[in-house]
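# Survey of secondary and tertiary structure
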Amino acid sequence: MAETVIETQPDLHFDVDPSQQGDLRTEEMLVNMGPQHPATHGVLRVVLRTDGELVLESVPHVGYLHRCAEKIGENLQPYQYIPYTDRMDYLAGMNNNQAFAIAIEELAGIEVPERAKYIRVIFAELNRIASHLVAFGTYGLDMGAFTPFLYSFREREMILDLFESACGARLTYSYITVGGVHEEMPDSFLDVLHEFLDYFEPKIDEYNQLLSYNHIFVKRTANVGVISAADAIAWGLTGPCIRGSGVRWDLRKSTPYEIYDRFDFGVPIGHPGGTEGIPNAVVVGDCWSRYFVRVCEMQESCRIIRQAMAQIPEGEFTAAKVKNIKLPDDEVYVEIENPRGQLGFYVRGDGSAIPARVKARGPSFCNISILNHIGRGCLLADIPAIIGSVDIVMGEVDR
Amino acid sequence: MVSEEICDILKSEFGDAVVGSVMDARRPYVVIAADRWAEVAAFLRDDSRMQMNMLQCLTALDLLEDNKLAAVYDLFSFPVTSAEEVPLLRHHFAVRVEVNRDDPHIPTVSHVWPTADWHEREAYDMMGIVFDGHPELTRILCPDDWIGFPLRKDYEYPVDYHGIPGTTEHQLTNPRH
């Protein structure tokens with residue numbers, strides 16, 4: 001990977017102090033960005049209070065996609081609720097199915113067959129790659145680079161074809177379900193998957209050459225929207241957002257669920273510029289770090305899938321009884337590592353087959369709540385860079 | 001550190017602020033009196049034995065049979081300094097604050113954990129719990145002029161919202177909750 005040397009540029013990020021502006025008369029303006037703005041990744045509305053090019057305040061308004069997902073959960077049996085979890089984070093349906101399924105299995109004490117666990121890991125990691133490809137491609141679009149988007153969607157299409165061959169759906173899968181998975185994988189699935197991984201892994205280097213080290217891209221994202229590790233923890237950031245701030249924290253590694261303790265993989269974090277081939281302008285916790293963590297994670301997901309394919313045993317793909325399960329009068333809170341961070345499900349049973357309370361803790365909901373905190377004093381053009389680097393899915397913010 | 005130890009420390013520090021504890025459940029929790037909660041929350045974050053600097057989730061519950069609403073706080077300790085290592089000090093802990101359904105007031109902890117800001121707004125929006133001292137306690141997911149708190153068990157579905165039919169005839173004649 002060729003390293004591009006970035007010359008030092010004057011720091012454009014100065015503190016906003018109206019008393020220092022002298023006689024120059026400026027006027028504040030409220031800019032309403034969204035809810036139909038292409039750079040807000042869905043129906044996010046941000047009210048920006050600006051002074052010229054400077055952003056004094058950026059207040060996100062959410063709720064445009066609210067569909068009462070939690071209320072619906074109190075009216076359906078868990079296996080019926082699985083399709084609704086797809087529609088929360090619609091770019092990572094498999095991971096959402098998995099989170100809810102694990103919560104119910106833990107509450108009701110359902111034993112998942114070994115083979116089903118491996119199938120789940122393979123699909124969850126494939127979905128992580130697909131989701132990161134969207135994040136990568138659309139982030140390029142936000143920054144004015146159109147080509148990476150076409151490249152990443154070309155590869156994502158292959159993953160969607162694989163999903164389609166397994167469960168018939170291309171976006172909202174409902175494939176991972178309570179007790180295992182919905183159907184056995186097709187006969188030739190693993191062979192096709194092997195071919196895909198052999199094709200895909202070299203592409204990641206291509207992405208780096210195409211976008212990661214691109215001079216313009218680095219200038220737009222390096223040292224922009226910097227989040228310190230302490231801030232990231234206090235605001236409840238998770239996933240690539242907290243890892244971009246230099247905190248090595250991944251639930252798959254730190255508190256392994258399913259069978260993640262059986263695989264050897266790394267947890268990429270943000271590194272300061274100048275080290276490990278990273279552009280000099282980069283600081284830990286900036287937009288570029290969050291972006292690059294995602295690119296590196298695709299590589300690690302490929303490693304996990306290859307190990308899972310080598311280890312997968314024969315056996316059942318689902319537990320015997322998955323419908324009409326009586327949920328005990330108890331509660332669980334389960335978190336898993338979604339492509340965007342920690343997706344938590346709080347489920348409370350009351351002795352019947354329908355939960356008394358279902359609560360989803362969406363990673364995007366917490367991640368985007370920091371926007372006003374980091375968006376203060378940046379330039380107007382940095383706002384799309386920050387929103388894109390946080391990688392939100394509004395379906396999950398609003399639920 | 002296991003939940004029993006944390007519970008014992010809280011009992012010795014705050015005495016009767018700990019109004020109950022369930023330690024043998026799948027997910028142990030303590031019940032804290034609502035009027036002392038802000039104080040206990042600051043202790044949980046700042047005490048060197050606790051260091052619970054992350055609020056993972058805030059769940060609002062409707063305990064209709066007890067005529068109570070509850071907020072469940074899932075906390076986690078997450079050392080800030082060791083950026084390179086997987087933290088050694090890490091424990092989960094759950095706190096429940098129960099309030100009367102007719103007058104649900106809980107002090108805000110958004111100054112303790114900034115992430116509580118949006119979570120408390122959501123709990124207010126969905127369940128109608130009022131978080132005293134919150135900087136901007138407005139609805140977050142529902143529109144500002146929405147009537148009622150949708151996740152309450154006795155919530156009545158709106159028949160109409162600005163000309164949009166809110167419920168079907170089938171739902172009106174076959175309520176499930």
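Throughout what follows, the structure given in this document is the object of discussion. (Residues numbered from 1 in each chain as written. Chains lettered and ligands numbered in written order. Predicted model: local features only at pLDDT ≥ 70, side-chain atom pairs only at ≥ 80, totals over all residues. Heavy atoms only, no water.)

## A closer look at unusual backbone geometry
Residues and elements named next belong to chain A. Using the following cut-off: Secondary structure counts use DSSP, requiring at least four H or I residues in a row for a helix and at least two E residues in a row for a strand, with both numbered from the N terminus. Burial here depends on accessible area, computed with a 1.4 Å probe over protein chains only, as a share of the maximum for the residue type. Under 20% is buried, over 50% is exposed, and the range in between is partly exposed.
The phi dihedral of Ser174 is positive, around 50 degrees, even though this residue is not glycine. As for its placement among the helices and strands, Ser174 is situated in the loop between helix H5 (147–167) and strand E4 (176–177). With a relative accessible area of 17%, Ser174 lands in the buried category.

## Some points on the sheet that holds strand E6 (residues 331–338) of chain A
Residues and elements named next belong to chain A. Stated formally: Two strands are counted as paired when DSSP detects at least two bridges linking them. Fitted lines through C-alpha atoms give the axes, limited to the stretch in contact for helices. The angle between two N-to-C directions lies from 0 to 180 degrees. By the convention used here, residues are in contact when the closest approach between their heavy atoms is within 4.5 Å.
Spatially, E6-E7-E8 is the arrangement adopted by the 3 strands of the open sheet, whose pairing is antiparallel. The sheet is open, and its two edges are formed by E6 and strand E8 (357–361), each paired on a single side. Strand after strand, the sheet turns through a mean of 15 degrees between neighbouring axes, direction not considered. The sheet strands contacting helix H3 (residues 93–108) are E6, strand E7 (341–348) and E8, and the helix crosses E6 at an angle near 150 degrees.

## A closer look at the packing of helix H2 (residues 78–86) of chain A against H3(A)
Residues and elements named next belong to chain A. Note the threshold: Should an angle lie under 35 degrees it is considered roughly parallel, over 145 roughly antiparallel, and from 65 to 115 roughly perpendicular; all remaining angles are considered oblique. Whether a crossing is left-handed or right-handed is set by the direction in which the near helix is turned from the far one by less than a right angle, anticlockwise for left-handed and clockwise for right-handed.
It is the contact of H2 with H3, at a shortest axis distance of 8 Å, that shows an interaxial angle of 150 degrees. Looking at the two axes, H2 sits roughly antiparallel to H3. Relative to H3, the crossing made by H2 is right-handed. Note on element contacts: H3 touches H2 through Gly93, Asn96, Asn97, Phe100, Ala101 and Ile104, opposite Pro78, Tyr81, Ile82, Thr85 and Asp86.

## Examining the layout of surface pockets
Stated formally: Lining residues are defined by having an atom within 4 Å of a point belonging to a cavity or pocket. Those points lie on a 1 Å grid over the protein atoms alone, cavities being sets where a 1.4 Å probe fits but cannot get out and pockets being open sets with protein on both sides within 12 Å along at least five of seven lines. Grid points are joined across faces, edges and corners, and a volume is the space filled by probe spheres set on the points. Note on residue categories: nonpolar means Ala, Val, Leu, Ile, Met, Phe, Trp, Tyr, Cys or Pro, charged means Asp, Glu, Lys or Arg, and polar means any other residue, Gly included.
Looking at the second largest pocket, its volume works out to about 740 Å³. Lining the second largest pocket are 30 residues, and of these Glu106(A), Tyr333(A), Val334(A), Glu335(A) and His92(B) lie nearest its centre. Among the secondary structure elements, those contributing two or more residues to the lining of the second largest pocket are H3, helix H4 (114–142) and E6 of chain A together with strand E5 (92–100) of chain B. Among the elements that take part in the lining of the second largest pocket, E6(A) stands out by supplying 5 residues, more than any other. Partitioning the lining of the second largest pocket into residue classes produces 14 nonpolar, 4 polar and 12 charged.

## Examining the pairing of E7(A)
All names here are of chain A. Where burial is concerned, most of E7 is hidden: 8 out of the 8 residues are buried. Both E6 and E7 contribute to a ladder of 8 bridges, which runs antiparallel. Looking across to E7, one finds that Glu331 is bridged to Arg348. What sits between E6 and E7 in their antiparallel hairpin is a turn of 2 residues. Examined bridge by bridge, E7 and E8 share 5 bridges and lie antiparallel to one another. Bridging from a neighbouring strand, Phe345 pairs with Ala360 of E8.

## Notes on the interface of chain B and chain A
Note the cut-off: Summed over both partners, the accessible area lost on bringing two parts together, with a 1.4 Å probe, is the buried area. Any carboxyl oxygen of Asp or Glu within 4 Å of a side-chain nitrogen of Lys or Arg constitutes a salt bridge here. In the analysis that follows, any N or O atom pair within 3.5 Å is treated as a polar contact, provided that within protein one partner can donate a hydrogen and the other can accept it, and provided that, for residues neighboring in sequence, both atoms belong to side chains.
Contacts between the two partners involve 45 residues from chain B and, on the opposite side, 45 residues from chain A. When the area that chain B buries against chain A is broken down by residue, the three leading residues are Arg26(B), Trp118(B) and Leu141(B), summing to 18%. Summed over the shared surface of chain B and chain A, the result is 5 salt bridges. Lys359(A) is the salt-bridge partner of Glu122(B), the closest N and O atoms lying 3.2 Å from each other. Linking chain B with chain A are 14 residue pairs in polar contact (both at pLDDT 80 or more). Put simply, the parts of the chain that give the side of chain B that touches chain A at least two residues each are strand E3 (54–63), strand E4 (68–76) and helix H3 (116–127) of chain B. With 8 residues, the single largest contributor to the side of chain B that touches chain A is E3(B). Residue composition of the side of chain B that touches chain A, grouped by class: 28 nonpolar, 6 polar and 11 charged.

## Comments concerning the packing of aromatic side chains
Here is the rule we go by: The rule is short: rings of Phe, Tyr and Trp, with Trp giving its six-membered ring, pair when the centres are within 6.5 Å, and they are stacked under 30 degrees, edge-to-face over 60, tilted in between.
Within this structure, the stated rule accounts for 31 aromatic pairs over all chains. Geometrically, the ring pair formed by Tyr213(A) and Trp288(A) is tilted, given 6.2 Å between the ring centres and 40 degrees between the ring planes. Residue Tyr213(A) is located in the loop between helix H6 (189–212) and helix H7 (215–221), and its partner Trp288(A) is located in helix H11 (residues 287–311); the two are separated by 75 residues in the primary sequence. Taking relative accessible area as the criterion, Trp288(A) reaches 1% and is therefore assigned buried. Here the aromatic rings of Trp249(A) and Phe76(B) are separated by 5.3 Å at their centres, their planes lie at 45 degrees, and the arrangement is tilted. Here Trp249(A) is found in the loop between helix H9 (240–244) and helix H10 (251–254), whereas its partner Phe76(B) is found in strand E4 on a different chain. On the basis of relative accessibility, which here comes to 2%, the residue Trp249(A) falls in the buried class.

## Observations concerning H4(A)
All names here are of chain A. In plain terms, the rule: Multiplying 1.5 Å by the residue count of a helix minus one yields the expected span of that helix.
With 29 residues, H4 should cover 42 Å at 1.5 Å per step; its first-to-last C-alpha distance of 42 Å lies within 8% of that length. With 27 of 29 residues buried, H4 lies mostly within the body of the structure. At the C-terminal side of H4, Gly144 shows a positive phi close to 90 degrees.

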